[in-house]
Amino acid sequence: YTVEFRLKTKNGHYKWISGKGKSYYDDLTGKPVRAVGIHVDIDERKQFENRISENAAFLNTVFEAITQPFAVINTHDFSIAMANSSYGGIEAIGKTCYSVSGCPEKPCQGPFDPCPLPKVKATGKPVSVEHAHVLENGEKKIYQIHAYPVFNEKKEVVQIIEYMVDMTEEKKMSEKIRESENN
């Protein structure tokens, strides 16, 4: 057997303990003849696991507090490693960023749909681009995409942090102002 449990110490505090054991049986009768086991103090490991869990919950809370679409994207295959709800949340994880943003078959490209990932990967510097997305309902949105590099220990860009600001209404207002100035 293997079991983890809390044990009250002499001073009244609790510690996490891992118990492992095995029973040996008589071949003829099938009755137990001996049991061997060990208890190991795993309190530090459990405290560390708890801190990791708390940090993960905090990171998720921070991610969700960002109201703009926000994601971490793997540079080798454009797959989404993390995403807040505005970017598609857990359903977006593992999908490509371009399939989530309306380019189902290949990375976004062209003058109206520039992809910031290749430039961030090549330069190792942050990049901002304006990008037109067509939503599933056919609505066109214009986003300012900001992308930042995430480096590994070899100083290679392995992920980007990407967030998008919806500029659609601002662009429409600018166009109306331009039109009114020309009339």
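Before any of the text, the structure's been laid out above.
The rules behind the values
- Residues numbered from 1 in each chain as written.
- Predicted model: local features only at pLDDT ≥ 70, side-chain atom pairs only at ≥ 80, totals over all residues.
- Heavy atoms only, no water.
- Helix = DSSP H or I, 4+ residues; strand = E, 2+ residues; numbered from the N terminus.
- Rg over C-alpha atoms; globule rule 2.2 N^0.38 Å.
- Buried < 20%, exposed > 50% of the residue type's maximum accessible area, 1.4 Å probe, protein only.
- Contact = heavy atoms within 4.5 Å.
- Lys, Arg positive; Asp, Glu negative; His and termini not counted.
- Charge placed at Lys NZ, Arg CZ, Asp CG, Glu CD.
- Pairing = 2+ DSSP bridges.
- Axes fitted to C-alpha atoms, helices over the stretch in contact; angles between N-to-C directions.
- Core = buried A, V, L, I, M, F, W, Y, C linked by side-chain atoms within 4.5 Å.
- 1 Å grid on protein atoms, 1.4 Å probe; cavity = no way out; pocket = protein on both sides within 12 Å on 5 of 7 lines; lining within 4 Å.
- Points joined across faces, edges and corners; volume = space filled by probe spheres on them.
- Nonpolar A, V, L, I, M, F, W, Y, C, P; charged D, E, K, R; others polar.
- Phe/Tyr/Trp six-rings, centres within 6.5 Å; stacked < 30°, edge-to-face > 60°.
- Lys NZ or Arg CZ within 6 Å of the ring centre and 35° of its normal.

**Describing the overall build of the protein chain**
Then comes step 1: The helix and strand inventory of the protein chain stands at four helices and eight strands.
Then comes step 2: On C-alpha atoms alone, the protein chain measures out to a radius of gyration of 27 Å, which is more than a quarter above the 16 Å that the 2.2 N^0.38 rule sets for 183 residues.
Then comes step 3: Expressed as a percentage of the 183 residues in the protein chain, the buried residues total 29%.
Then comes step 4: Partitioning the intrachain contacts of the protein chain with sequence separation of at least 6 by distance along the chain shows that 29% fall at a separation of at least 24.
Then comes step 5: Taking the average location of the 24 positive side-chain charges in the protein chain and that of its 25 negative ones, the two points are 9 Å from each other.

**Quick notes on the pairing of strand S2 (residues 14-25)**
Then comes step 1: Bridge analysis of strand S1 (residues 2-8) against S2 gives seven bridges, and the strand direction is antiparallel. Counted as the bridge partner of Thr-2 is Lys-20 from S2.
Then comes step 2: Hairpin remark: S1 followed by S2, antiparallel, with five residues in the connecting loop; positive phi at Gly-12, about 90°.
Then comes step 3: Taking the residues between adjacent antiparallel strands as the criterion, S2 and strand S3 (residues 32-41) are bridged by six residues, where Gly-30 takes a positive phi near 80°.

**Some remarks on the sheet that holds S2**
Then comes step 1: As summarised here, the arrangement of the three strands in space is S1-S2-S3, forming an open sheet in which the pairing is antiparallel. In the strand order of this sheet, the two ends are held by S1 and S3, each with one partner. When strand polarity is set aside, the average angle formed by the axes of neighbouring strands in this sheet is 30°.
Then comes step 2: Across the sheet, helix H1 (residues 43-65) touches S1, S2 and S3, and the angle it forms with S2 is around 120°.

**Remarks on the nonpolar core**
In globular proteins that are soluble, nonpolar side chains generally tend to be buried together.
Then comes step 1: Ile-73, Ile-80, Tyr-87 and Ile-160 are the most contacted members of the largest nonpolar core, which has 22 residues in total.
Then comes step 2: Mapped by element, the contributors of at least two residues to this core are strand S4 (70-74), strand S5 (80-83), helix H2 (97-100), helix H3 (116-123), strand S6 (127-134), strand S7 (140-151) and strand S8 (157-166).

**Here we look at empty space enclosed by the protein**
Then comes step 1: Scanning all chains against the criterion turns up one cavity of 30 Å³ or more.
Then comes step 2: Approximately 120 Å³ is the volume found for the largest cavity.
Then comes step 3: In this structure, the largest cavity is lined by 17 residues; those nearest its centre are Cys-97, Ser-101, Cys-108, His-131 and Glu-162.
Then comes step 4: The dominant element in the lining of the largest cavity, judged by the number of residues it contributes, is S8, at three residues.
Then comes step 5: For the lining of the largest cavity, the class distribution of residues is 13 nonpolar, three polar and one charged.

**Structural notes on the packing of aromatic side chains**
Then comes step 1: Under the defined criterion, the tally for this structure stands at three aromatic pairs.
Then comes step 2: Taking 4.8 Å as the distance between ring centres and 85° as the angle between the ring planes, the aromatic pair formed by Phe-63 and Phe-70 counts as edge-to-face.
Then comes step 3: By relative accessible area, which is 7% here, Phe-63 ends up buried.
Then comes step 4: Aromatic side chains Phe-78 and Tyr-98 sit 5.7 Å apart centroid to centroid with 70° between the ring planes, which places their arrangement in the edge-to-face category. Remark: Tyr-98 occurs in helix H2 and Phe-78 occurs in the loop between S4 and S5; sequence separation between them is 20 residues.
Then comes step 5: The exposure class of Tyr-98 is buried, given its relative accessible area of 13%.
Then comes step 6: One Lys or Arg, Lys-46, reaches over the ring of Trp-16 and ends 4.5 Å from the middle of that ring.

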